[in-house]
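# Per-entry structural report
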Amino acid sequence: MAYADRISPVLRAAFELLREAGRPLRPEEVRKEVESRVTIPAELRGPNAHGQARWWAQLGFRTGEAASIGWMTKRNGWAITQAGIRALDDFEGTELYRELVRQYRARRLPPRPHDRPGTTPPPDPIPAAFEQFQQNLEYARQLVDGGRNLERLAVGSFDVTDLYRAAWTQAVAALDHWVTREIVDRALALALNPEARRPPKFSNLSIPVELFERIHHHDEPLGETFGAHLEKHFSFMTFQNPEKIKEGFAYVSTVNLWVKVAEVLTAQDARSPITADGVRTRLREIAWRRNNIAHTADHDPQRPGRKAPITAAEAEATIEWLEAMAIAIQQALGDPLPAMTPDAADELRAAPVTAEAEPATGPRGKRTWDEPSFLQAVEEYCPAGVRDTLLAVYRHAESHPSFHEYYFGEGEYPSVTAWFNLGSDKASVWSIYTGPAKSVLAVNFGSVRNHGASRERMTRLAERLGVLPGSARLRDQLESADYGKYPSLQPDALARPEAREVIITALNEFLTGETPH
């Protein structure tokens, strides 16, 4: 019996179950119900190399692929999408599985150096990046399952919860390795498509002269030679921290990564909306715990000499969240580039331009504060109304097309400044300052004036903000100072229910340079 014939009934049963449920189901619910509905072939009931039933491991891989192309979601449980329901109706029998494989390979697998349209590439002993990621997560799940079994047996010869710590570490390592391979695969796809638009960071990749000579003078294949260079270049980087992950993907995409990932995750489960900083915070917490496990044996600072508590459910939730986030990253980045035509492959003999690393732009310096400390300060120091307004303005910045970067300050208390592209130059448009006494939003008119903003744009911004309490004379004060001031909106104004909408509308109008009709 062909593999498709063996696994297809399992996949279809899972999809039908999710359609009938009409709500997200826990993976264990799916497992029990599918086992009751389908006669699973003996060769799929046996354990794989990690001790997991082969059919269940394969269903995990296939549902991951289905989520990757939008047929289902795996955030906060498994749920089928409208696209998945249509596929279930449109493709009968084994065709459902075959169509899943076809779409996944067409949309998600990047071209390999030996790929040519219309031909079947030779077998590759290395699994695709996402498949290997799932295999590594399955190993982490097995560690959790093993720990649960030993807890039920009341094993006391060692600390069973160390298996959950090992699973946590394995899951983070799986993410790190997947990000590396995903970046390399996408960078190679860009290199193999001479007409593809390159992100600025990709175009500024440095390459050795020796690599250029091997390709240009000695006719070595670009794909294999440049691919090996990319593997070496990115293998020295670690992708566990959200900032590092975003920096890495900036080589191959211009998407506003965490904003888009948050949108994807929220769309998958609207009951649990999440923001870009919420995604980053969760990822930082997971990476911090992994580092605590790896470097201090999970020392609990509140209980000297003891480990921090951990449960199977916590480890399992971390694994599931990392898988859902990786799927969301794939969808945020979009499909990899298609393979180039044979003619282009034959003609292409030049390597990317050698260049220095991308120069830093915007303000730089030692950053005492960072996003976690800033968010913690807002929670600690701000009344609810002020907090909601400041966080709305903070999150709006990152989602705006002209956003450039956040700069976290070095003062006694946390602060953050948002820089935007104003057309001809970049400028710090606003700053948030927090502290025990009060927290304020400074609007940096002096900065935007010095970086090319017209008087008309600044006047409109002052007028829009002037409706807030304490700001009625804002325009007159700014005009008397030739817009060289940095006035602050005070807590009384920020706490007003309408403050969020007034400020964000004013900023949108200012940043676009257009007057709404």
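This one's a predicted model, so the numbers in the text were calculated from it and none came from an experiment. (Residues numbered from 1 in each chain as written. Predicted model: local features only at pLDDT ≥ 70, side-chain atom pairs only at ≥ 80, totals over all residues. Heavy atoms only, no water.)

### Remarks on the overall build of the protein
- If you tally the helices and strands in the protein, you get 23 helices and seven strands.
- Counting every position in the protein, which comprises 517 residues, the buried fraction comes to 49%.
- Long-range contacts, defined as pairs at least 24 residues apart, comprise 67% of the intrachain contacts of the protein with a sequence gap of at least 6. (Helix = DSSP H or I, 4+ residues; strand = E, 2+ residues; numbered from the N terminus. Buried < 20%, exposed > 50% of the residue type's maximum accessible area, 1.4 Å probe, protein only. Contact = heavy atoms within 4.5 Å.)

### As for the pairing of strand 5 (residues 426-433)
- Across the eight residues of strand 5, six count as buried, placing the element largely inside the fold.
- The sheet contact formed by strand 4 (residues 415-421) and strand 5 spans seven bridges and is antiparallel. The residue bridging asparagine 421 from the neighbouring strand is lysine 426, located in strand 5.
- A loop of four residues connects strand 4 with strand 5, the two strands running antiparallel in sequence, and glycine 423 in this loop sits at a positive phi of about 120 degrees.
- Looking at chain direction, strand 5 and strand 6 (residues 440-443) are connected through four bridges and run antiparallel. Among the inter-strand pairings, tyrosine 433 is bridged to a residue of strand 6, identified as valine 440. (Pairing = 2+ DSSP bridges.)

### Examining the environment of proline 242
- As for its placement among the helices and strands, proline 242 is situated in helix 12 (residues 242-249).
- Residue proline 242 is classed as buried on the basis of its relative accessible area, which comes to 0%.
- Separated by 41 residues in sequence, proline 242 and leucine 283 have C-alpha atoms that sit 6.5 Å apart.
- Ignoring any residue separated from it by four or fewer positions in sequence, one finds proline 242 in contact with Trp258, Arg280, Leu283 and Arg284.

### With respect to the confidence of the model for the protein
- On average, residues of the protein score 87 in pLDDT, and 89% of them reach the 70 mark or higher.
- Of the regions scoring below 50 in pLDDT, residues 113-117 engages in 12 contacts with residues more than four places distant in sequence or in other chains.
- Note on residues 339-367: pLDDT under 50 across the span, and 52 contacts to partners over four residues away in sequence or across chains. (pLDDT = per-residue confidence, 0-100.)

### Some remarks on the pattern of salt bridges
- With the rule as written, the count across this model stands at 43 salt bridges.
- In this structure, the salt-bridge partner of arginine 62 is glutamate 65, at a minimum N-O distance of 3.0 Å. One end of the pair, arginine 62, and the other, glutamate 65, are both in helix 4 (residues 54-68), three residues apart, so they sit about a helical turn from each other.
- Looking at arginine 62, the relative accessible area reads 7%, which means it is buried. (Salt bridge = Lys/Arg side-chain N within 4 Å of Asp/Glu carboxyl O.)

### Structural notes on the environment of valine 155
- Along the chain, valine 155 falls in the loop between helix 7 (129-152) and helix 8 (162-191).
- Judged by its relative accessible area of 27%, valine 155 falls in the partly exposed class.
- Not counting residues within four places of it along the chain, the set of residues in contact with valine 155 comprises Leu150 and Val160.

### Considerations on the nonpolar core
- Core analysis: the largest hydrophobic core is formed by 98 residues, its most contacted members being Trp178, Phe226, Phe249, Trp258, Val261 and Met325.
- Tallying contributions element by element places helix 8 first for this core, with 15 residues.
- For methionine 325, the contacting residues outside a window of four places in its chain are Leu175, Trp258, Val261, Val279 and Leu283.
- Leu390, Phe420, Leu422 and Ala462 belong to the second-largest nonpolar core, a separate cluster that totals 46 residues. (Core = buried A, V, L, I, M, F, W, Y, C linked by side-chain atoms within 4.5 Å.)

### Digging into the sheet that holds strand 3 (residues 403-408)
- Taking strand neighbours across the sheet as the criterion, the five strands line up as 3-4-5-6-7 in an open arrangement whose pairing is antiparallel. The open sheet has two edge strands with one neighbour each: strand 3 and strand 7 (488-489).
- Judged from the two bridges that link them, strand 6 and strand 7 form a sheet pairing that is antiparallel. Of the residues in strand 7, the one forming a bridge with alanine 442 is serine 488.
- Against the sheet, helix 23 (residues 499-512) engages strand 4, strand 5, strand 6 and strand 7, with an angle of about 170 degrees to strand 5. (Axes fitted to C-alpha atoms, helices over the stretch in contact; angles between N-to-C directions.)

### Let's talk about helix 23
- Compared with the 20 Å implied by 1.5 Å per residue over 14 residues, the 20 Å span of helix 23 between its first and last C-alpha is a close match.
- The complete set of buried residues in helix 23 reads Ala499, Val502, Ile503, Ile504, Ala506, Leu507, Glu509, Phe510 and Leu511.
- Just downstream of helix 23 lies glycine 513, where phi reads positive at about 75 degrees. (Expected span 1.5 Å × (residues − 1).)

### Regarding the pairing of strand 6
- In strand 6, alternate side chains face the same way, and those of Val440 and Ala442 on one face and Leu441 and Val443 on the other are all buried.
- Counting the residues that bridge the hairpin from strand 5 to strand 6 gives six residues.

### Quick notes on the side chain of arginine 280
- By secondary structure assignment, the location of arginine 280 is in helix 14 (residues 276-296).
- What makes arginine 280 buried here is its relative accessible area of 5%.
- Non-local contacts of arginine 280, meaning those with residues more than four positions away in its chain, are made with Pro242, Glu243, Trp258, Glu371, Tyr394 and Glu398.

### What about the packing of aromatic side chains?
- Applying the stated criterion to the full structure yields 16 aromatic pairs.
- Between the aromatic rings of phenylalanine 403 and phenylalanine 420, the centroid separation amounts to 5.8 Å while the plane-to-plane angle is 80 degrees, which identifies the pairing as edge-to-face. Linking phenylalanine 403 in strand 3 with phenylalanine 420 in strand 4, this pair joins segments that are 17 residues apart in sequence.
- Judged by its relative accessible area of 1%, phenylalanine 420 falls in the buried class.
- Three or more aromatic residues joined by ring pairs form one cluster here, namely Phe374, Tyr394, Phe403, Tyr406, Phe408 and Phe420.
- We note lysine 201 situated over the ring of tyrosine 251; from NZ or CZ to the ring centre the distance is 4.6 Å.
- When the ring centre of phenylalanine 510 is taken as origin, the NZ or CZ atom of arginine 457, which lies over that ring, is 4.9 Å away. (Phe/Tyr/Trp six-rings, centres within 6.5 Å; stacked < 30°, edge-to-face > 60°. Lys NZ or Arg CZ within 6 Å of the ring centre and 35° of its normal.)

### Observations regarding helix 6 (residues 95-108)
- Relative to the 20 Å expected for 14 residues at 1.5 Å per residue, helix 6 spans 19 Å between its end C-alpha atoms, a close match to the ideal helical length.
- Regarding helix 6, the residues found buried are Leu96, Tyr97, Glu99, Leu100, Gln103, Tyr104 and Arg108. What you see down the axis of helix 6 is that its buried residues fit within an arc of 160 degrees, all on one side. In helix 6, the exposed positions that point more than 90 degrees away from the buried face belong to Arg105 and Ala106.
- Each element contacted by the buried residues of helix 6 is listed here: helix 1 (3-21), helix 4, helix 5 (82-90), helix 7 and helix 15 (312-333). (Arc of directions from axis to C-beta.)

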